[in-house]
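Descriptive structure summary
The primary structure of each chain is shown beneath.
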Amino acid sequence: MDREADIIASEHEVYQPSPDVIRDALIQDYDQIMARALEDPEAFWAERAQALDWFQPWEKVLDDSNPPFYKWFVGGKTNIVHNALDRHAKTWRRNKLALIWEGEPGDTRTFSYYRLWQEVCKFANVLRSMGVKKGERVTIYMGRVPELPIAMLACAKVGAVHSVVYGGFSEQALADRIEDAQSRVLVTSDGAWLRGKVVNLKSMADEAIHRSPVVEHVIVVKRTGQEVYMEPGRDYWYHDLMSLPIASNTCQTEVMDAEDPLFILYTSGTTGKPKGLVHTHGGYQVFTSTTLQWVFDVKEEDRYWCAADPGWITGHSYIVYAPLILGATSFMYEGAPAHPYPNRWWKMIENYNITVLYTSPTALRGLMRFGDAWPRRHDLSSLRLLGSVGEPINPEAWRWYYNIIGQGRCPIMDTWWQTETGGFMITPVPSVPLKPGSATRAFAGIDVDVVNEDGEPVAANEDGYLVIKRPWPGMARTIYGDPDRFVQQYWSRFATHGFYLTGDSARKDDDGYFWIIGRIDDVIKVSGYRLGTAEVESALVSHPAVAEAAVIGMPDEVRGNVIWAYCILRTGYEATEKLNDELKEHVRHETGPIAVPSRIEFVDSLPKTRSGKIMRRVLKAHALGKDVGDISTLEA
Ligand code: WTA
């Protein structure tokens, strides 16, 4: 995939919203709202915050006295679960469906707001009975089942900080995250269904605890039913605990400060050590609910499906918290998109009357491969809005999504954002004219730009660093336990300007539309999942045969990028096909299937700077058959 060629090809291909879409949109006069919001972002966000309940109002909207440690809604008392569940359980909404769930084998479950609220109360009581306290970190490691959001919400209700580890990660990745968060309690499941097979989450959790023995209690949800090891005194079945008298239907919601942490979410950066971004109750609830409501135009009667995994930020913000705050009905599906047949998704859209679908370019490209006949067999007329996230969408996939899935009727919201931003930053709303492959403009109240090395804005159609110029309520507050790294990573590159560095490069076209080019740091987006080169490299060198390793991201038609690895072997090991397979298996086991290199090459040396830093850029240029360019500057 060639992003440059794609941008040039579709820069002038404009899709105007239909008069129906404009008429029915929740947000009218968006351009005026944007202009006002940019003039006075604090007033704008304060107004948005007023749409939610607060136990006690804030005294100051933004405290910017100690940048980059910004504080929002200072002095405000709240709890996101109050807004997401408690308040709905007291109104007519208690009978509305909050969640419709379908398992991969075809089983279904539904939760009204009342039922979900009760389950959360019960599990919150279980957590309290285990001594879980405000501020304590609880790790959650599960497949896509309703107990995952229930566990997250229960943590938040009692003021604990959840750290969800994506179920596609394996032992070492989980162990590192448990260790960093110092979690005493782990919530997991016996297994997860994926492509008709069982992923043995419990045995991976056991191995992770063996490596990070801080865990004292393990709560295990029974999902797949296979035999699992249960350690006496440490492991408990979820359903046993939930049937104890202690798991009563009512539970007091902890009063939280607006700036109290809600969750830690680990993401990949430039070093191997996981980076736990911290999000808080107050600003995050305002930011995620506003962005979801405006961008996906969420209305009472919608059936909204965000097909991401709750284990990533997209799931945290736009499966769990924002839809519940808005009182929406969400759909959630457990398994693989094309299981057992490539029409699985389209069939579910028809069966459940889905009106809004939010997914990733990788998923779309994967489904597009099977041909148009699969979606055409289904009635997709319930859909009215589509969304994309995670990586740049190539215009070909965009057009397929627009014409075949949306049948030319549904605007596509291409939302650019990050784990760090908490919610959408660059995105259209339904009334904005679209260009395939552009995330269009910054959201109301968000100040984004493309700048050069010196922090000066670049001219139209020139590439530069994508930066955010002003704080916003959904921003991550710090890296858990490592505030210096937070400053270093995001705020030091343009320290004099006070800009937040996104790590992406981008350009703006003549109409001011943003085109994201891609990551310019050591992060690789594989199938939209975020991985650090260092994570994969450390998995490789943890194998006894590997002395040194370097990995790069290479463009791929379906997955966006795939990983190529270069390894120097220790003496005594031979570069064989068998070892190659063994190393891939090793990475799968240590980090997870998404981290497995699609290609491993054994080499005698790696290109390095004089100070010993591996020049991945050189490896990549070489792999792409491109001129390596001037490497003298890198030698310094
Ligand atoms: C990329 C995912 C182009 C980008 C929500 C960003 C995108 C990284 C888009 C963050 C998009 C996300 N167009 N690129 N619409 N959305 N990205 O933290 O490189 O998993 O920096 O958050 O994904 O990945 P993360």
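Before reading further, recall that the structure is shown in the block above.
Heads up: these notes are all about the structure in this document.

Parameters and conventions
- Residues numbered from 1 in each chain as written.
- Predicted model: local features only at pLDDT ≥ 70, side-chain atom pairs only at ≥ 80, totals over all residues.
- Heavy atoms only, no water.
- Salt bridge = Lys/Arg side-chain N within 4 Å of Asp/Glu carboxyl O.
- Helix = DSSP H or I, 4+ residues; strand = E, 2+ residues; numbered from the N terminus.
- Buried < 20%, exposed > 50% of the residue type's maximum accessible area, 1.4 Å probe, protein only.
- Contact = heavy atoms within 4.5 Å.
- Pairing = 2+ DSSP bridges.
- Axes fitted to C-alpha atoms, helices over the stretch in contact; angles between N-to-C directions.
- Parallel < 35°, antiparallel > 145°, perpendicular 65-115°, else oblique.
- Nonpolar A, V, L, I, M, F, W, Y, C, P; charged D, E, K, R; others polar.
- Near = heavy atom within 4 Å.
- Polar contact = N/O pair within 3.5 Å; in protein donor to acceptor, adjacent residues only side chain to side chain.
- Phe/Tyr/Trp six-rings, centres within 6.5 Å; stacked < 30°, edge-to-face > 60°.
- Patch = residues over 30% accessible without salt bridge, like charges linked within 9 Å, V, L, I, M, F, W, Y side chains within 5 Å.
- Areas by Shrake-Rupley, 256 points an atom, 1.4 Å probe, with all protein chains shown as cover.
- Lys, Arg positive; Asp, Glu negative; His and termini not counted.
- Charge placed at Lys NZ, Arg CZ, Asp CG, Glu CD.
- Core = buried A, V, L, I, M, F, W, Y, C linked by side-chain atoms within 4.5 Å.

Here's the deal with the pattern of salt bridges
A complete count under the given rule lists 47 salt bridges for this structure. For the salt bridge of Lys 202 with Asp 206, the shortest nitrogen-to-oxygen distance reads 2.7 Å. Of this pair, Lys 202 and Asp 206 both sit in helix 9 (residues 201–211), four residues apart, roughly one helical turn. When its relative accessible area of 18% is taken as the criterion, Asp 206 is described as buried. Between Arg 365 and Glu 391 there is a salt bridge; the shortest N-O distance is 3.0 Å.

Regarding the side chain of Lys 202
With relative accessibility at 1%, the residue Lys 202 sits in the buried group. The residues touching Lys 202, leaving out its near neighbours within four places in the chain, are Thr 188, Ser 189, Asp 190, Val 218, Val 220, Val 228, Tyr 229, Met 230, Arg 234 and Asp 235.

Side note on the sheet that holds strand 22 (residues 464–468)
Strand pairing in a sheet relies on backbone hydrogen bonds, with the paired strands running either antiparallel or parallel. With antiparallel pairing, four strands are arranged side by side in an open sheet as 21-22-24-25. Strands with a single pairing partner mark the edges of an open sheet, and in this sheet they are strand 21 (448–451) and strand 25 (514–519). In this sheet, neighbouring strand axes are inclined to one another by 45° on average, regardless of whether the strands run parallel or antiparallel. With four bridges joining them, strand 22 and strand 24 (residues 500–508) adopt antiparallel strand pairing. Within the sheet, the bridge partner assigned to Val 467 lies in strand 24 and is Leu 501. Sitting on the sheet, helix 1 (residues 3–10) touches strand 24 and strand 25, and the angle it makes with strand 25 is about 175°.

Let's talk about the packing of helix 14 (residues 361–368) against helix 16 (residues 395–405)
Contact geometry of helix 14 with helix 16 gives a least axis separation of 10 Å together with a crossing angle of 75°. Taken as axis vectors, helix 14 and helix 16 run roughly perpendicular relative to one another. Packed against helix 14, whose contacting residues are Leu 364, Arg 365, Leu 367 and Met 368, the element helix 16 presents Glu 396, Ala 397, Trp 400 and Tyr 401 at the interface. Class assignment of the residues belonging to the contact of helix 14 with helix 16 gives a composition of six nonpolar, no polar and two charged.

Topic: helix 18 (residues 533–541)
Across the nine residues that make up helix 18, a large majority, seven, are buried. Listed as buried for helix 18 are Thr 533, Ala 534, Glu 535, Val 536, Glu 537, Ala 539 and Leu 540.

Details of the site of the ligand
Taken together, 17 residues surround the ligand, and among them Asp 414, Thr 415, Thr 419, Arg 519 and Arg 530 come closest. One of the side-chain nitrogen or oxygen atoms of Arg 530 is found 2.6 Å away from an oxygen atom of the ligand. Grouping the constituent residues of the shell around the ligand by class yields six nonpolar, five polar and six charged.

Thoughts on the packing of aromatic side chains
Scanning the model with the defined rule gives 44 aromatic pairs in all. Through a chain of ring-to-ring contacts, three or more aromatic side chains come together here, namely Phe 69, Tyr 70, Trp 472, Phe 486, Tyr 490, Trp 491 and Tyr 500.

Quick look at the sheet that holds strand 18 (residues 356–359)
On the basis of which strands lie adjacent, the open sheet formed by seven strands has the order 5-4-17-16-18-19-20 and mixed pairing. Two strands lie at the open edges of the sheet, namely strand 5 (108–112) and strand 20 (412–414), each paired on one side alone. Geometrically, the sheet is characterised by an average inter-axis angle of 15° between neighbouring strands, direction not taken into account. Direction of pairing for strand 18 relative to strand 19 (residues 385–388): parallel, over a ladder of four bridges. Paired with Leu 357 across the strands is Leu 386, a residue of strand 19. Contacting strand 4 (97–102) and strand 5, helix 6 (residues 113–129) crosses the sheet at an angle of about 90° to strand 5.

Observations concerning unusual backbone geometry
Most peptide bonds are trans, and most residues other than glycine sit at a negative phi. The peptide bond linking Pro 67 to Pro 68 adopts the cis configuration, its omega dihedral lying at 5°. The omega torsion across His 339 and Pro 340 is -5°, close enough to zero to call that bond cis. Examined against the element boundaries, Pro 340 turns out to sit in the loop between strand 17 (329–333) and helix 13 (344–352). The phi dihedral of Gln 407 is positive, around 50°, even though this residue is not glycine.

Section: the side chain of Thr 427
Take Thr 427: it is sitting in the loop between strand 20 and strand 21. Sequence-distant contacts of Thr 427, that is, excluding residues within four places in its chain, are made with Val 295, Asp 414, Thr 415, Ala 439, Thr 440, Arg 441 and Phe 443.

Points about the packing of helix 4 (residues 41–49) against helix 11 (residues 281–295)
In contact at an axis separation of 10 Å, helix 4 and helix 11 are set at 85° when each is read in the N-to-C sense. Comparing their axes, helix 11 and helix 4 come out roughly perpendicular. On helix 11, the residues that touch Phe 44, Trp 45, Arg 48 and Ala 49 of helix 4 are Val 286, Phe 287, Thr 290, Gln 293 and Trp 294. Among the residues forming the contact of helix 4 with helix 11, the class breakdown is six nonpolar, two polar and one charged.

Quick word on the pairing of strand 25
The side chains of a regular strand alternate, first on one face of the sheet and then on the other. One ladder, built from five bridges, connects strand 24 with strand 25; its direction is antiparallel. Looking across to strand 25, one finds that Ala 506 is bridged to Ile 516. Between the end of strand 24 and the start of strand 25, which pair antiparallel, lie five residues, with Gly 512 showing a positive phi angle near 80°.

Describing a negative patch on the surface
Negative charge collects at one region of the surface, where Glu 39, Asp 40, Glu 42 and Asp 64 lie side by side. Relative to the assigned elements, Asp 40 resides in the loop between helix 3 (30–39) and helix 4. The class for Asp 40 is partly exposed, based on a relative accessible area of 40%.

Focus: the nonpolar core
Within the largest apolar cluster, 124 residues are counted, with the highest numbers of intra-cluster contacts made by Phe 73, Phe 123, Ile 140, Ile 219, Phe 296 and Tyr 321. If one sorts the elements of this core by residue count, helix 6 sits on top with nine residues. Apart from residues no more than four positions distant in its own chain, Ile 140 is found in contact with Leu 148, Ala 151, Met 152, Cys 155, His 162, Ser 163, Val 164, Val 165 and Val 187.

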